[in-house]
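Read off the chains here:
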Amino acid sequence: MNARNVRVRFAPSPTGLLHVGNARTALYNWLFARRAGGSYILRIEDTDLERSEERYEDRLIEDLRWLGLDWDEGPDEPGAPASGEFGPYRQSHRQSIYAEHTERLLAEGKAYRCFCTAEELEAERNLASAEHRPHVYSGRCRHLGAAEIERNLAAGQHFAVRLKIADHPLRFHDLVRGVVEFPPEAVSDPILVRSATGASAGFPVYNYSVVIDDALMQISHVIRGDDHIANTPRQVAIYEAFGWPLPEFAHLSTILGADRERLSKRHGATSVSTFREMGYLPEALVNYLALLGWGAEDGRTEIFTLDELTSAFSLERVTPSPAIFDFDKLNWLNRHYLKLAAPPGLAELAWGYLAYHLPPRESAPEALRSWFDRLLAFFVPHVDRLDQLPAKLAFVFGFDPEASRLVDENSAVLSADSSRTVLAEFADRVRAHAGPVRPDDFKRWMNEVKAATGAKGAELFHPVRIALTGAPSGPEFDKLLPLIEDGAALGLGIPSVSERVERFVGV
RNA sequence: GGCGCUAUCGUCUAGGGGUUAGGACGUGAGAUUCUCAAUCUUAAAACCCGGGUUCGAUUCCCGGUAGCGCUACCA
C-alpha cells in the first residue's frame, strides 16, 4: 500500500430513489475501501435545492444499509452527530467553505468574474455551432481591467465566477481506462460559482464543490459513473488551480437496458428499494451488481458473498464497456440465495407477502410458524422472488372449484370420460375415509382407482390434481398432501383434502 | 455540429501475437417425474469492418462504423 491512505466516497444526490447503477458505484467504492483497509465516506450532494428531498436521503441511507454497505464517515442522523472529522458531509452545510475558496482563487488571479449575460453566451454557442467549432467560452471577461470590474460591481451587475484554464492538455489517470487526455480548448473557462451580486456570492456549481469536498476530505480514489468522464478535465483544472494533488480516478461504465438505452423505469425495476419490495435478497443484488462490469480472476467463479467479494475485488479488473442489465441472471442468483437463506429470516420476510392469509407473525402460534417454515422450504426453491409467492401459494390458501373448471387447460382434461370415472372413484374413497389424508392413503387409493378405471399416468393424475389444486401440474403429492392437511388444521380456512374433493365433485 | 468513452456467443464475462477462444445466464435436447418447476447431463452459440505492423493478428497501431456520454450559471 502506498503512503497515502485509501479514502473513497460515495456521493449521491437525494433527488430520487437509489438507482442500481448508483448502487453498483457504491458497492465498488465500498469493496475497494474494505479491500485496501481504507475509509468509505458517504457524502450527500444536496446542492440542487429544487430537487433534493429529505425523504430521499432517508431512503438512500436505508437502502445502503440494506445492501450491507456501511460507511466510516457520513452525515449526522436524527439524534446522532456526524461521524468523521471531515464534515459536514452534506454539501448544503458547506457553503461557507466554498465561498472561502472562491475568495482565494479570485485573490490569486486563478479565477475571474464574468459579467456576460445568458443571452450573450447563448449567441456565442450558436455561432460556434454554425461554424462547426466546439462550444467554448470566448474568454471575453478574462481580461477585464480592475476599473471596469469595479464599475460593474458598483452598478450591481450580476456576475459568475469562472476558472482560468491553463493552456496545456488536461490529463488524468483512470484505473479502468488508462490515461485520458483532453485539449484545453475542449474545456474552456468553466463557471465555478453561479451568478449573483455580492463579493463571491452565488451557489457553487457541482463540478466545483465536488473538487473542494474531495480534496478537503482527502479522497484518494474517485470512483464514479462514466457520465462524469467529460467533467473530469474541468475538475483536474480546479485541483491544479488550488495546487492540490490529483486523486486516482476510476470511471465505471453505464448500465443499460435490453434496448441499449440507459437503464430507466420503462425497463422495469431500477431502484434498490423496488428490488427489495419485489423480494430480491440483498446478497443476490450485491452479487449480481458485482458481476456487472467485473469478473473474477479465475474467469469462472460467479457466486460471491460480500466478504468473498472484498478479497477478490480489484478496480483493475473492472470492464470499461457498458453492460446490459440481465434480469434473468439476477433471478438465477436470487433463487440461489433464496435456497440458501436461513429459515427464520426467510420466514419473516416471506410472511409479509402472505399477510393477507395470515395473522400477524408475532401473535402466530408455534404450530402455524413451523407449518409455514415447511411450506416455504417446499415452495421457495420454485420462485425467482418472494413477491411470486402469493400466486404460487394461492391454491393452498383458497380454492375455487368453479373457476378452475372454467380454465381451458382444465376443462379439456375434465371433459374426458376417463376423468369422470377417475374422479368418482377417487371421491368415493375420500368420503369413506375419516381424518386427514396421508400420502400412504393417497397412494393406495390411486392404485385402486387405476385398477378400477384402467386409467394411468397423466390420465389418472391430472383430474385428481385439478380437483385438489386447480391445475393439472404442480408439486409432488407426497409433500403437498401433508402441507394441505396440516394447514387445514390451523384454522386459517385452508380447505382439507376431503373438503376440496367434496366441493369440486359437488359442483 | 464538436469532444470523449466503448466494441469477444442473444446477455454478463475470461483470455490474449500462434488456444479445440474458457465459464455463467438464457435457449435446445436428454435424464428424472403423473405433471410443472427444481436438479443433473448435454448441444448450439462470439472475437464489428477495413488497412497497417508481423512469419503469423481476435489480441498491437491507424481509420471507419455503431452504441453511449459530455457539450448548462443540472447533479
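The numbering scheme is per chain: residues are counted from 1 as the chain's sequence reads. Lettering of chains starts at A and numbering of ligands starts at 1, both following the order in which they are written. For a predicted model such as this one, the threshold for reporting local features is a pLDDT of at least 70, and the threshold for listing and counting side-chain atom pairs is 80 or more; totals across whole chains, interfaces and linings nevertheless cover every residue. Excluded from the side-chain calculations are hydrogens and water; all other atoms, namely the structure's heavy atoms, are used.

1. Things to note about the domain arrangement of chain A
Stage number 1. The split of the chain into domains comes from an automatic or database domain assignment. You can read the domains of chain A as domain 1 (7–91 + 255–324), domain 2 (94–252), domain 3 (341–397) and domain 4 (401–506).
Stage number 2. Here the C-alpha centroids of domain 1 and domain 4 sit 50 Å apart.

2. Examining the protein's contact with RNA strand B
Stage number 1. Whether a residue is near a molecule or strand depends on its heavy atoms: it is near if one of them lies within 4 Å of it. Contacts to RNA strand B come from 58 residues, most closely from Ser13, Arg177, Arg194, Glu302 and Gly474.
Stage number 2. For RNA strand B, the fraction of atoms within 4 Å of the protein that belong to sugar or phosphate moieties is 74%.
Stage number 3. Backbone polar atom of Tyr206 to a phosphate oxygen of RNA strand B: 2.9 Å apart, as the coordinates give it.
Stage number 4. Between RNA strand B and His382, the relevant distance is 3.1 Å, taken from a base nitrogen to a side-chain nitrogen or oxygen of the residue.
Stage number 5. Listing elements by their share of the surface near RNA strand B, those giving two or more residues are helix 4 (118–130), strand 7 (191–196), strand 11 (323–324), helix 11 (327–340) and helix 19 (458–469).
Stage number 6. Residue composition of the surface near RNA strand B, grouped by class: 21 nonpolar, 16 polar and 21 charged. As used in this structure description, the phrase polar contact means that two N or O atoms lie within 3.5 Å; if the pair is within protein, one of them must be able to donate a hydrogen and the other to accept it, and residues adjacent in sequence are counted only when both atoms belong to side chains. For the purposes of this entry, the term helix denotes a DSSP run of H or I that reaches at least four residues, the term strand denotes a run of E that reaches at least two, and both are numbered from the N terminus. Classification used: nonpolar for Ala, Val, Leu, Ile, Met, Phe, Trp, Tyr, Cys and Pro, charged for Asp, Glu, Lys and Arg, polar for all others including Gly.

3. Description of the packing of aromatic side chains
To describe a pair of aromatic rings, one takes the distance between the centres and the angle between the planes.
Stage number 1. Two aromatic rings from Phe, Tyr or Trp, using only the six-membered ring of Trp, form a pair when their centres are within 6.5 Å; if the ring planes differ by under 30 degrees the pair is stacked, by over 60 it is edge-to-face, and anything between is tilted. The tally for this structure, following the rule as stated, stands at 19 aromatic pairs.
Stage number 2. Here the aromatic rings of Phe379 and Phe395 are separated by 6.3 Å at their centres, their planes lie at 70 degrees, and the arrangement is edge-to-face. With Phe379 in helix 13 (residues 366–379) and Phe395 in helix 14 (residues 389–397), the pair connects residues that are 16 residues apart, well separated along the chain.
Stage number 3. Owing to a relative accessible area of 3%, Phe379 belongs among the buried residues under this scheme.
Stage number 4. Think of it in three bands: with a 1.4 Å probe and only protein chains considered, a residue is buried below 20% of the maximum accessible area for its type, exposed above 50%, and partly exposed in between. Here Phe395 falls in the buried class, since its relative accessible area comes to 16%.
Stage number 5. Among the aromatic side chains, those forming a connected cluster through ring pairs are Phe275, Tyr280, Tyr288, Phe325 and Phe327.
Stage number 6. Over the aromatic face of Tyr28 sits the side chain of Arg24, whose NZ or CZ is 5.7 Å from the ring centroid. We call a charge positioned above a ring when the Lys NZ or Arg CZ atom is no farther than 6 Å from the ring centre and deviates by at most 35 degrees from the ring normal.

4. Considerations on the pattern of salt bridges
Here the idea is simple: oppositely charged side chains can pair when their charged atoms come close.
Stage number 1. Just to be clear on terms, a salt bridge is a Lys or Arg side-chain nitrogen sitting within 4 Å of an Asp or Glu carboxyl oxygen. Applying the stated criterion across every chain yields a total of 34 salt bridges.
Stage number 2. For Glu57, the salt bridge goes to Arg90, with nearest N and O atoms at 2.7 Å. Taken together, the positions of Glu57 in helix 2 (residues 54–67) and Arg90 in the loop between helix 2 and helix 3 (95–107) put the pair 33 residues apart, joining distant regions of the chain. The same class applies to Glu57 and to Arg90, which are both buried.
Stage number 3. The salt bridge involving Arg142 is made with Asp189; its shortest N-O contact spans 3.4 Å. Taken as a pair, Arg142 in the loop between helix 4 and helix 5 (146–154) and Asp189 in the loop between strand 6 (178–182) and strand 7 lie far apart in primary sequence, 47 residues in all.
Stage number 4. Residue Arg142 is classed as partly exposed on the basis of its relative accessible area of 26%.
Stage number 5. A relative accessible area of 5% means that Asp189 is categorised as buried.
Stage number 6. The network of salt bridges with shared partners includes Arg9, Arg43, Glu45, Arg94, Asp213 and Asp214.

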